[in-house]
Amino acid sequence: MKYTLLLISILIYSIGYGQSLLWSDDFEATAANWDLTLQTGNNDINANIWEISDAEGGVTPPGCGMASNGNKTLHVTCQGVTCPGTGAIYFAGDDGMFGQPAETNIRAALVAPVVTTGETQLELVFDWIGVGEANADYAELEYSVDGGTSWTSIWSQTPGNVCGTGQGEWKEESVLLPVGAENQADLRFAFNWRNDNNATGTDPSFAVNDLRLYSNAVAGTTTADFTTPSFNICVNDCINFNDASVGTNISAWNWTFNGATTPTSTDQNPTNICYPTAGTYDVTLSITDDNGTDNVTYQIMVSTCTGGPTAAFSVDTMVVCKGDCISFTDLSTGDPTSWSWSFQGAEPSTSTAQNPTNICFDSVGVFDVTLTVTNGSGTDQIINSVTVMDLPEINGYGDTLIDIGGAAVLLAEPIDPGILFWDPEETVDCPTCLEVTATPLITTTYYPSLIGANGCIGRDTVLVMVNFEEIVEVPSAFSPNGDGSNDFVHVLGIGITSIDFRIFNRYGQLVFSSTDIEEGWDGTMNGEELNQGVFVYTLEYSLIDGTNGTKSGNITLVK
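Attention in this report is confined to the structure presented alongside it. (Residues numbered from 1 in each chain as written. Predicted model: local features only at pLDDT ≥ 70, side-chain atom pairs only at ≥ 80, totals over all residues. Heavy atoms only, no water.)

## Some points on the overall build of the chain
Consideration 1: When you go through the chain residue by residue, the secondary structure sums to 0 helices and 48 strands.
Consideration 2: Against the globule reference of 24 Å for 559 residues, the chain gives a C-alpha radius of gyration of 33 Å, more extended than a compact globule.
Consideration 3: Once the C-alpha set of the chain is aligned to its principal axes, its extents read approximately 100 × 65 × 50 Å.
Consideration 4: The buried share among the 559 residues of the chain stands at 42%.
Consideration 5: Pairs at least 24 apart in sequence give 67% of the contacts found in the chain among residues at least 6 apart.
Consideration 6: Within the structure as shown, the chain displays about 26300 Å² of accessible surface, and the carbon and sulfur contribution to it stands at 49%.
Consideration 7: On the chain, the mean spot of the 13 positive side-chain charges and the mean spot of the 69 negative ones are 7 Å from each other. (Helix = DSSP H or I, 4+ residues; strand = E, 2+ residues; numbered from the N terminus. Rg over C-alpha atoms; globule rule 2.2 N^0.38 Å. Buried < 20%, exposed > 50% of the residue type's maximum accessible area, 1.4 Å probe, protein only. Contact = heavy atoms within 4.5 Å. Areas by Shrake-Rupley, 256 points an atom, 1.4 Å probe, with all protein chains shown as cover. Lys, Arg positive; Asp, Glu negative; His and termini not counted. Charge placed at Lys NZ, Arg CZ, Asp CG, Glu CD.)

Listed below in structure tokens is the structure:
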């Protein structure tokens with residue numbers, strides 16, 4: 001067991017004695033060594049792609065994500081009309097709603113072999129950033145020893161940490177390679193990205209940098225370790241803990257937080273651990289992997305702080321479309337007692353709530369969001385910006401009045417490039433056409449809509465009013481003789497949503513009943529044909545406009 005008193009958080013990384021660097025890649029001048037286009041499954045029209053550039057710049061862990069810093073990375077990015085930007089961002093699909101699927105299965109593979117002949121105990125170390133969606137949108141590290149014909153997965157991405165700015169946080173990863181990777185003349189690595197089309201996911205997608213392959217790594221080592229933003233906090237502060245353990249197939253994490261409101265956790269990376277009382281408290285992490293168990297204990301020092309607060313906040317997204325409304329979450333430390341928000345270009349423009357919601361941006365541009373926090377010891381302020389993108393322009397034509405059962409021709413005129421669709425689509429004949437025929441049964445507002453190149457959706461409205469008329473009838477006679485004409489008696493009408501249809505013989509005996517408007521009576525009872533005669537029906541019905549009614553009458557069965 002390791003026991004450490006930390007007054008200042010110091011992160012130390014050391015390579016074990018005797019390790020040798022066999023190969024490395026920082027992606028600065030090695031793009032030709034990678035094939036970024038290997039499809040491993042279905043890839044839809046808006047599938048995401050691999051890219052090597054500094055659009056998602058490499059940052060030394062545990063730094064926050066940064067663009068265009070001159071440090072190239074291998075990362076997953078989006079493409080096409082649904083792509084709102086650059087860097088490690090991805091399109092998570094449309095969930096089958098707008099005809100813009102984005103399921104992705106694509107591998108970026110090293111095509112320049114790494115030679116490990118005579119080398120054993122291999123360890124691959126790399127830096128990465130990413131969130132995605134657990135078990136749905138993620139990257140896997142793979143290796144091959146047969147020239148890329150077959151691949152074996154040895155590591156999978158789980159959602160990483162996010163900085164207070166909303167950017168992802170870089171992390172260093174260490175993976176011990178299987179024995180099968182040793183003593184090979186053609187060892188290759190690959191990263192395989194996959195995402196579904198459920199429209200759910202969080203940027204950044206995945207980026208990797210600074211791959212380093214070592215030999216003579218310490219095999220079978222199980223080392224528990226963790227980090228936290230600070231081991232010195234104030235009373236009532238809440239902090240997160242990040243697992244930094246090294247092992248082979250770690251399967252269990254057991255945390256103990258003395259003095260915290262959450263005394264234990266089995267999460268890999270516990271969050272929101274709060275300390276209500278001043279003092280020095282042990283934090284213990286015990287891990288279990290294929291080699292056994294290990295544990296480590298650090299101490300958290302909780303003080304009654306006399307200084308002012310430190311302002312910080314997070315937001316649903318830093319990039320929105322015109323008209324979007326988002327929420328903000330206070331992450332300030334130091335026990336602030338009041339919050340003053342200023343939202344440039346938004347409505348409302350100010351708030352004193354700790355966590356404001358429904359802040360709407362109706363103007364295009366880059367707008368400052370300012371949070372000022374105060375307590376009895378002082379004040380602090382932080383300013384971040386929200387980017388508001390414009391909506392593509394589209395016009396709709398065809399406002400009209402029709403009779404029930406009629407049709408209206410509607411027109412859409414896109415002003416900007418993009419992908420057209422009509423909403424609702426159920427009562428138009430072509431949801432993606434410029435000219436459509438609409439057949440609503442009740443007054444309906446149609447929205448000709450356009451997905452722009454930035455992913456925002458512009459809309460116009462076309463109103464089709466329906467002169468609703470109650471039309472519900474039951475034929476007075478039918479002839480079920482099998483000639484294909486008038487063999488069944490049905491309830492007839494327009495806009496009927498439900499029925500209770502019953503037919504009785506002259507003795508009051510029920511011979512037929514149905515709640516299905518498509519089902520008619522064929523003149524039989526219990527499978528036997530009935531004689532010619534007059535029958536009585538009752539009908540209860542509901543219409544699409546919400547009205548209800550009843551009818552009754554006679555039906556003549558003619559032979």
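## Digging into a negative patch on the surface
Consideration 1: Residues Asp390, Glu393, Glu413 and Asp416 make up a contiguous surface patch of negative charge.
Consideration 2: Note that glutamate 393 resides in the loop between β31 (378-389) and β32 (394-397). (Patch = residues over 30% accessible without salt bridge, like charges linked within 9 Å, V, L, I, M, F, W, Y side chains within 5 Å. Salt bridge = Lys/Arg side-chain N within 4 Å of Asp/Glu carboxyl O.)

## Observations concerning the environment of aspartate 368
Consideration 1: Mapped onto the elements, aspartate 368 comes out in strand β30 (residues 365-375).
Consideration 2: Put simply, aspartate 368 and aspartate 487 are 119 residues apart on the chain and 73 Å apart in space, counted from C-alpha to C-alpha.
Consideration 3: Apart from the residues within four sequence positions on either side, aspartate 368 is in contact with Ser342, Phe343, Gln344, Ile383, Asn384 and Ser385.

## So, the sheet that holds strand β26 (residues 338-343)
Consideration 1: Reading across from one edge, β23-β31-β30-β26-β28 is the order of the 5 strands in this open sheet, with mixed pairing throughout. The open sheet terminates on both sides in strands that have one partner only, identified here as β23 (319-321) and β28 (350-351). (Pairing = 2+ DSSP bridges.)

## Some thoughts on the sheet that holds strand β9 (residues 152-156)
Consideration 1: Read across the open sheet, the 5 strands follow the order β3-β6-β11-β8-β9; overall the sheet is antiparallel. The sheet is open, and its two borders are formed by β3 (34-39) and β9, each paired with just one other strand. Here the strands of the sheet are splayed against their neighbours by 25 degrees on average, with no regard to which way each runs.
Consideration 2: Relative to β9, strand β8 (residues 138-144) runs antiparallel, the two sharing 4 bridges. Note that in β9 the partner of tyrosine 143 across the bridge is threonine 152. (Axes fitted to C-alpha atoms, helices over the stretch in contact; angles between N-to-C directions.)

## A closer look at the state of the cysteines
Consideration 1: Taken as a whole and assessed by the stated rule, the structure comprises 6 disulfides.
Consideration 2: Covalent S-S linkage joins cysteine 64 and cysteine 163, the inter-sulfur distance amounting to 2.1 Å. The chirality of the disulfide connecting cysteine 64 with cysteine 163 is left-handed, given an S-S dihedral of about -105 degrees. Linking cysteine 64 in the loop between β4 (49-53) and β5 (73-77) with cysteine 163 in the loop between β9 and β10 (171-176), this pair joins segments that are 99 residues apart in sequence.
Consideration 3: You can call cysteine 64 partly exposed: its relative accessible area is 32%.
Consideration 4: According to the relative accessible area criterion, cysteine 163 is buried, its value standing at 9%.
Consideration 5: Across the disulfide, cysteine 238 is cross-linked to cysteine 274 (sulfur-sulfur distance 1.9 Å). In this structure, the disulfide formed by cysteine 238 and cysteine 274 twists by about 105 degrees around the S-S bond and is classed as right-handed. Of the two residues, cysteine 238 is situated in strand β15 (residues 238-239) and cysteine 274 in strand β19 (residues 273-274); the sequence distance between them amounts to 36 residues.
Consideration 6: Taking relative accessible area as the criterion, cysteine 238 reaches 34% and is therefore assigned partly exposed. (Disulfide = S-S within 2.5 Å.)

## As for unusual backbone geometry
Consideration 1: Proline 61 connects to proline 62 through a cis peptide bond whose omega is 5 degrees.
Consideration 2: Here aspartate 203 and proline 204 are connected by a cis peptide whose omega angle stands at 0 degrees.
Consideration 3: One can find proline 204 in the loop between β11 (188-195) and β12 (207-215).
Consideration 4: For glutamine 121, which is not a glycine, the phi torsion comes out positive at approximately 50 degrees.
Consideration 5: By the element assignment, glutamine 121 lies in the loop between β6 (104-110) and β7 (123-129).
Consideration 6: Overall, glutamine 121 belongs to the partly exposed group, its relative accessible area being 33%.

The values are spatial; any link to function lies outside them.
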